[in-house]
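Topology and contacts: notes
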Amino acid sequence: MSNLVNGNQQLVESIIGVVLKGGWNNLLRPKFVVGSHFTTTTTIQEVLVQLSLYSRISHSWPFFQWLESSLPHYQHSLKTSWTMIYILTKHKYFKHAKILLEKIAFKDFLSTRPVLGALVSKDNGDDSDVNALILSWLVIAYCNSRMTQEAIQVFEHIRVHRLRPELHACTVLLNSLAKDRLTDTVWKLYKKMVGLGVEANIHVYNVLIHACCKSGDAEKAEKVLTEMELKSVFPDLFTYNTLISLYSKKGMHYEALCVQHRMETAGISPDIVTYNSLIYGLCREGRMREASRLFREIKDATPNHVTYTTLIDGFCRVNDLDHALRLREVMETKGLIPGVVTYNTILRKLCGGGRIRDANKLLNEMNGKNIEPDIVTCNTLINAYCKIGDTKSALKVKDKMLDAGLKLDSLTYKALIHGFCKVKEMDSAKEFLFSMLNSGFCPSYCTYYWLVDGYCDQHNEEAVIKLLDEFVTRGLLVDISVYRALIRRFCKLEKVGYADELFHLMQEKGISGDSVIYASLAYAYWKQGKANVASDMLDEMYKKRLMVTLKLYKSFNASFSADGNILNLFWDHLVKARLLSKQVLKDLQQV
């Protein structure tokens, strides 16, 4: 063994001698390439490290590059690449180190624990600050490529090895999580970051408040602001604007105005983003007089497309279309050409009011100004046509939509299914349901109940039962959600026989019922006066440990509000049967 070690050391020294003298082509001679360990990972690593001790990177980096360009069929291993990255970083050649890191990051699974464990070891350099810096760059690289889970894995490796990540890497990762609405993970990661001794700055706190805005958590945002004040980190324009946006979206207009006052007291002038958020909050509540006054009071900022579109939408909401149209004209005189979003706002109002002719005029105007309709424009028109039973026009819009390269989304399919059910063209409605499923969209409960209602209106309830066979024929999965929707609707229509038939079909397929299905069937039988059958259903619920949740309880109360005493007696029965969750019992006690 010692002979092998001594032999390798001699080879390393020979290579270093050749490299330092400059006769690199001598390394291509057989005595080095043939029958030696010249190109093994260990040898190359050792040479690179030794060269860096002689002359920083003036020899190690060129030698690293020369190896791949000059030696036939040679490629650097992951370990030699990491060693070179370590050397470059240690000697502050950050640009070269980052380029090399990004070159290997996406092909060598660097986020996996075994790989990182092997790379971040004493063999590859034991300077913890250097390793922490390289791993921080890796976190940033993965975040920039939207590989958030990989970035989290690298961060976890940093944490487990008690290294201290770079503040910028933490900020970038927190921001990626916030953008993906992974707010719970944001707070967990922030706690770990603080535990590693990383002190938050204004950028980190802004990301945290942004996460609060994404999740609509005003209370937590206030806590972040308090923490900032305790640590003498002063809010900036972004902080205040995010808070104002959060309060405005939640209808907390007084709190939003307090933040505006607070920022002005701190010497920070509101910009157009500030005003847009405040105007949005007022428009959303229909307080158009106050929104208009605030619009007139804008100072040191210029209203933009967002400002005018928000106001136009607000006036449409309060049925003041004339004012909305006048604002659009004002917008144009200011040199702001209305875009598709502005037109969609007006179009929605026209279609909602059944003014299809005016909507088409507006569409022609858009065409004249070369404003391309988007998915919202098309869905608005399709929905409007379907509501009045004009499926022919709806299909024309759908075809134009596809010709323009737009893809149908779940709202398009829902509108078309509803439209065809409305005019009792059930075969077309059914085909759109299957197209929707084939496109990867999941129909909602109401989509199925339109179909059930349509077939029931034609006294063709059996077609609903046969629908399940068509699912199988077309290779589509019939899961519990389909049975749940169909059974619920039959129960609502008091066609409990068909609901029961579906229930038994479901059981034959090996699918167990859930609390929604059992409660729906039990109530349908209860309402028909078949208390014994209802009790049998509830007994099954109890055996399967299925409970009526608060969500289900509220749904029943909304759906069967007209049933009065029948529903109340049913709940009393379920209390005795111990089938109501604690949340429901608490709600009943409050009532």
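Quick summary incoming for the structure in this document. Here the structure is a predicted model, which means the values were calculated and not measured. (Residues numbered from 1 in each chain as written. Predicted model: local features only at pLDDT ≥ 70, side-chain atom pairs only at ≥ 80, totals over all residues. Heavy atoms only, no water.)

Our focus in this paragraph is the overall build of the protein. Helix and strand counts for the protein stand at 34 helices and 0 strands. By the compact-globule yardstick of 25 Å for 591 residues, the protein is too spread out, its C-alpha radius of gyration being 34 Å. Along the first, second and third principal axes, the C-alpha set of the protein runs to 95 × 70 × 55 Å. Burial analysis of the protein (591 residues in total) assigns 46% to the buried set. Long-range contacts, defined here as pairs at least 24 residues apart, represent 63% of the contacts in the protein between residues at least 6 apart. Carbon and sulfur atoms provide 51% of the accessible area of the protein, an area that totals close to 30,600 Å². (Helix = DSSP H or I, 4+ residues; strand = E, 2+ residues; numbered from the N terminus. Rg over C-alpha atoms; globule rule 2.2 N^0.38 Å. Buried < 20%, exposed > 50% of the residue type's maximum accessible area, 1.4 Å probe, protein only. Contact = heavy atoms within 4.5 Å. Areas by Shrake-Rupley, 256 points an atom, 1.4 Å probe, with all protein chains shown as cover.)

In this section: the pattern of salt bridges. Inspection of the entire model under this criterion finds 23 salt bridges. The residue Arg146 makes a salt bridge to Asp180 at a minimum N-O spacing of 3.1 Å. With Arg146 in the loop between helix H8 (128–144) and helix H9 (148–160) and Asp180 in the loop between helix H10 (167–179) and helix H11 (183–195), the pair connects residues that are 34 residues apart, well separated along the chain. Several salt bridges share partner residues, and in doing so they unite Arg328, Glu332, Glu365 and Lys369 into one network. (Salt bridge = Lys/Arg side-chain N within 4 Å of Asp/Glu carboxyl O.)

Quick look at the side chain of Asn276 now. Note that Asn276 resides in helix H16 (residues 272–284). A polar side-chain atom of Asn276 sits 3.2 Å from a polar atom in the side chain of Asn304. Not counting chain neighbours up to four residues away, the residues in contact with Asn276 comprise Asn304, Val306 and Thr307. (Polar contact = N/O pair within 3.5 Å; in protein donor to acceptor, adjacent residues only side chain to side chain.)

Here the focus is the side chain of Lys430. Relative to the helices and strands, Lys430 is located in helix H25 (residues 426–438). With a relative accessible area of 12%, Lys430 lands in the buried category. If we ignore the near neighbours within four places in the chain, the residues touching Lys430 are Leu451, Tyr455, Leu467 and Glu470.

Attention shifts here to empty space enclosed by the protein. Under the counting rule described, the total for this entry stands at 1 cavity of 30 Å³ or more. Lining the largest cavity we find Tyr280, Cys283, Arg284, Thr310, Asp313, Gly314 and Arg317. With 4 residues, helix H18 (residues 305–317) is the single largest residue contributor to the lining of the largest cavity. Tallied by class, the residues present in the lining of the largest cavity amount to 2 nonpolar, 2 polar and 3 charged. (1 Å grid on protein atoms, 1.4 Å probe; cavity = no way out; pocket = protein on both sides within 12 Å on 5 of 7 lines; lining within 4 Å. Points joined across faces, edges and corners; volume = space filled by probe spheres on them. Nonpolar A, V, L, I, M, F, W, Y, C, P; charged D, E, K, R; others polar.)

What follows is about the packing of helix H24 (residues 410–422) against helix H26 (residues 445–457). For the pair H24 and H26, the least separation of the axes is 9 Å and the interaxial angle reads 20°. Relative to H26, the element H24 lies roughly parallel. Along this stretch, H24 crosses H26, giving a crossing that reads as left-handed. Within the contact between the two elements, H24 uses Lys414, Ile417, His418 and Cys421 and H26 uses Cys446, Thr447, Trp450 and Leu451. Partitioned by chemical class, the residues of the contact of H24 with H26 number 5 nonpolar, 2 polar and 1 charged. (Axes fitted to C-alpha atoms, helices over the stretch in contact; angles between N-to-C directions. Parallel < 35°, antiparallel > 145°, perpendicular 65-115°, else oblique. Left-handed = near helix turned anticlockwise from the far one by under 90°.)

What follows covers the packing of aromatic side chains. What the rule picks out here adds up to 20 aromatic pairs. The interplanar angle of 55° and the centroid separation of 4.8 Å between the aromatic rings of Tyr553 and Trp571 together place this pair among those described as tilted. Of this pair, Tyr553 sits in helix H32 (residues 550–559) while Trp571 sits in helix H33 (residues 565–576); the two residues are 18 residues apart in sequence, bridging distant segments of the chain. Assigned by exposure class, Tyr553 and Trp571 land together as buried. (Phe/Tyr/Trp six-rings, centres within 6.5 Å; stacked < 30°, edge-to-face > 60°.)

Our next topic: the environment of Phe420. One can find Phe420 in helix H24. Phe420 has contacts with Thr391, Leu395, Glu425, Met426, Ser428, Ala429 and Phe432, leaving out every residue within four places of it along the chain.

It is worth spelling out the layout of surface pockets at this point. By volume, the largest pocket is sized at about 430 Å³. Looking at the lining of the largest pocket residue by residue, the classes come out as 11 nonpolar, 6 polar and 3 charged. Roughly 300 Å³ of internal volume is contained in the second largest pocket. Around the second largest pocket, the lining is made up of 17 residues, and of these Asn379, Thr380, Asn383, Ala384 and Lys387 lie nearest the centre. For the lining of the second largest pocket, the secondary-structure elements that each account for two or more residues are helix H20 (340–352), helix H22 (375–387) and H24. The element contributing the most residues to the lining of the second largest pocket is H22, with 7 residues.

In a regular helix each residue adds 1.5 Å, so 13 residues correspond to 18 Å; H22 covers 18 Å between its end C-alpha atoms and thus fits that length. Taken as a whole, H22 has its buried residues at Thr377, Cys378, Asn379, Thr380, Leu381, Ile382, Ala384, Tyr385 and Cys386. Structurally, H22 contributes buried residues whose contacts are with H20, helix H21 (356–368), helix H23 (391–403) and H24. One side-chain oxygen at the N-terminal end of H22 lies 3.1 Å from the backbone nitrogen of Val376; it belongs to Asp374. In the segment just after H22, Gly389 is the residue with positive phi, at about 80°. (Expected span 1.5 Å × (residues − 1).)

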